[in-house]
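A look at the structure
Here are the chains, one letter per residue:
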Amino acid sequence: MRRRWSRSVRALALAGVVFGGQGQEQGQLVPIVIVPGYPASKLEFNIPPGTTMPPSLSQCPSTTNGWQQLFPPPTNLTFAQIPCWLAYAGFTANHSSSTGISPIIPTQLSRVTDFGGFGGLPNLDPHILPAFLSHGYAPGRNLFGAPYDWRLPAAAQPGFFADLQSLIENVTTTNGGAKVCLLSVSFGPSYALAFLHRMTPTWKQQHIAWFVAESPVWGGTIEALLGYISGYLGFDNSTGYETEIAEILARETVNAWSFARFSTDPSVGWTAAEPVVSTENASYTAADYSRLLVDLGVPEPQRELAELLIADPDLLNFSAPGVNTLVVCGIGLNTTGNATFRTGFGTRGDWEIHAIAVYDGDEVSPRRSCLRGTEWAAEFKTANLQLVHKEYSGMLHATCTHPDPTNSTAPNSLCFDDVLQAING
């Protein structure tokens, strides 16, 4: 029996409320392609023999002798090996490159694994598969994974977009012409949106039934920025906040892309006058990222790279995706909105957070960030497309696809059922 929309949900049916996958045979499940969040995709790297390492990395191995795992980082990584690993994981601005960036080690190659499957998504595999299997989905038949290199901006992702297009086309063909649901999580909606921007209206009409954005951070989240500054672990509603020097890996590999995701529309983001970060003698709004990077002592090459990431037009312009879209978000949980540090920024150091402002959200992304998609309402109505925004009180960030098997009325369980009902009708 088909379950009604959960009563705990606040639904804003902005342009149509009739759900269903177009072009599907009766009883056929809409195939799903999952674009994961940050940093769910497994990454590998290869430094070919004969590579000359930069002088500052002379202590690092100059070849990997084949493909090696880059992320998640090796569990036996020693403190002395951290500089090498950071270099392997890093990028720098490169004006001669077609994408504007290149690896710190120019000859280094990187790749994801098991595109289309779930072997390249180690954090998702054990959590989401049982729930989908219990609803009739099967990996390789009507459920697929689309890992990507989450270190790169959309402008540097032509390979991922080409692979995703090919995967979706193959899924449509092998499922009798069925359109696909592009289901994306957390940071994934930003890349899925960029992909849809690059597809023609005709292609989208032929291949995409729904675009589902789960816990999108496209209006801004301060978590990555605070991790970049001080190793901030994020707000925990049971213990408050804390910082740990052990978060050095996350701190050094999280780029300043967080500023690129800040909308200055006060209804969905941060106002031009609202501080995102403050110190005893300065404050920084969403428009002050350049000054913040300078004050943090970030070297010029890294600042140049940050500027490139911040200028990513897909989220800067935030054009509509051009397909039926369902946005699902958690609300009602304490979420970091901005932070004040005890001291001013000078030379690189372990700056301590003095206070945080608590916003409504899902512990990672404030509610108003998720609401940014409501900007598309008029355009969707004109195009006769469906745009639906649904909120679930108490649902943690990016847990809609991780339903609680012991509690069918938990917010993430209700969200999961609603998503499947929406796309399958």
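Structure: above.
These notes cover the structure that comes with them.

What counts as what
- Residues numbered from 1 in each chain as written.
- Predicted model: local features only at pLDDT ≥ 70, side-chain atom pairs only at ≥ 80, totals over all residues.
- Heavy atoms only, no water.
- Helix = DSSP H or I, 4+ residues; strand = E, 2+ residues; numbered from the N terminus.
- Pairing = 2+ DSSP bridges.
- Axes fitted to C-alpha atoms, helices over the stretch in contact; angles between N-to-C directions.
- Phe/Tyr/Trp six-rings, centres within 6.5 Å; stacked < 30°, edge-to-face > 60°.
- Parallel < 35°, antiparallel > 145°, perpendicular 65-115°, else oblique.
- Contact = heavy atoms within 4.5 Å.
- Nonpolar A, V, L, I, M, F, W, Y, C, P; charged D, E, K, R; others polar.
- Salt bridge = Lys/Arg side-chain N within 4 Å of Asp/Glu carboxyl O.
- Buried < 20%, exposed > 50% of the residue type's maximum accessible area, 1.4 Å probe, protein only.

**What about unusual backbone geometry?**
Cis geometry marks the peptide bond from Phe-71 to Pro-72, where omega comes out at 0 degrees. Residue placement: Pro-72 occurs in the loop between β4 (68-71) and α1 (82-89). One non-glycine residue, Phe-318, lies in positive phi territory at about 55 degrees. Within the secondary structure, Phe-318 is located in the loop between α11 (313-317) and β13 (325-331).

**Overview of the sheet that holds strand β7 (residues 109-112)**
Spatially, β4-β3-β7 is the arrangement adopted by the three strands of the open sheet, whose pairing is antiparallel. In the strand order of this sheet, the two ends are held by β4 and β7, each with one partner. Each strand of the sheet is rotated relative to its neighbour by a mean of 40 degrees, with strand direction disregarded. Pairing of strand β3 (residues 43-46) with β4, which is carried by three bridges, proceeds in the antiparallel orientation. From the neighbouring strand, Phe-45 faces β4, where its bridge partner is Gln-68.

**Things to note about the packing of aromatic side chains**
Each aromatic ring pair is summarised here by two numbers: the centre-to-centre distance and the angle between the ring planes. Throughout the structure, instances matching the rule amount to 18 aromatic pairs. Relative to Trp-218, the ring of Phe-211 has its centre 6.3 Å away and its plane inclined at 65 degrees; by these criteria the two rings are edge-to-face. Ring centres of Trp-218 and Phe-318 lie 5.3 Å apart, and the angle between their planes is 75 degrees; on these two criteria the pair is classed as edge-to-face. Of this pair, Trp-218 sits in the loop between β10 (208-214) and α6 (223-230) while Phe-318 sits in the loop between α11 and β13, and the two are 100 residues apart along the sequence.

**Comments concerning the packing of helix α3 (residues 158-174) against helix α4 (residues 188-198)**
Their axes nearest at 10 Å, the elements α3 and α4 cross at an angle of 75 degrees. On the basis of their axis angle, the class for α3 and α4 is roughly perpendicular. Listed contacts from α4 to Phe-160, Phe-161, Leu-164, Gln-165 and Ile-168 of α3 are Tyr-191, Ala-194, Phe-195 and Arg-198. The residue makeup of the contact of α3 with α4, split by class, is seven nonpolar, one polar and one charged.

**Notes on the pattern of salt bridges**
A full pass over the atoms with the stated rule returns eight salt bridges. Residue Arg-367 pairs with Glu-391 through a salt bridge whose shortest N-O separation is 2.6 Å. Of the two residues, Arg-367 is situated in helix α12 (residues 367-370) and Glu-391 in strand β16 (residues 387-393); the sequence distance between them amounts to 24 residues. By relative accessible area, which is 27% here, Arg-367 ends up partly exposed.

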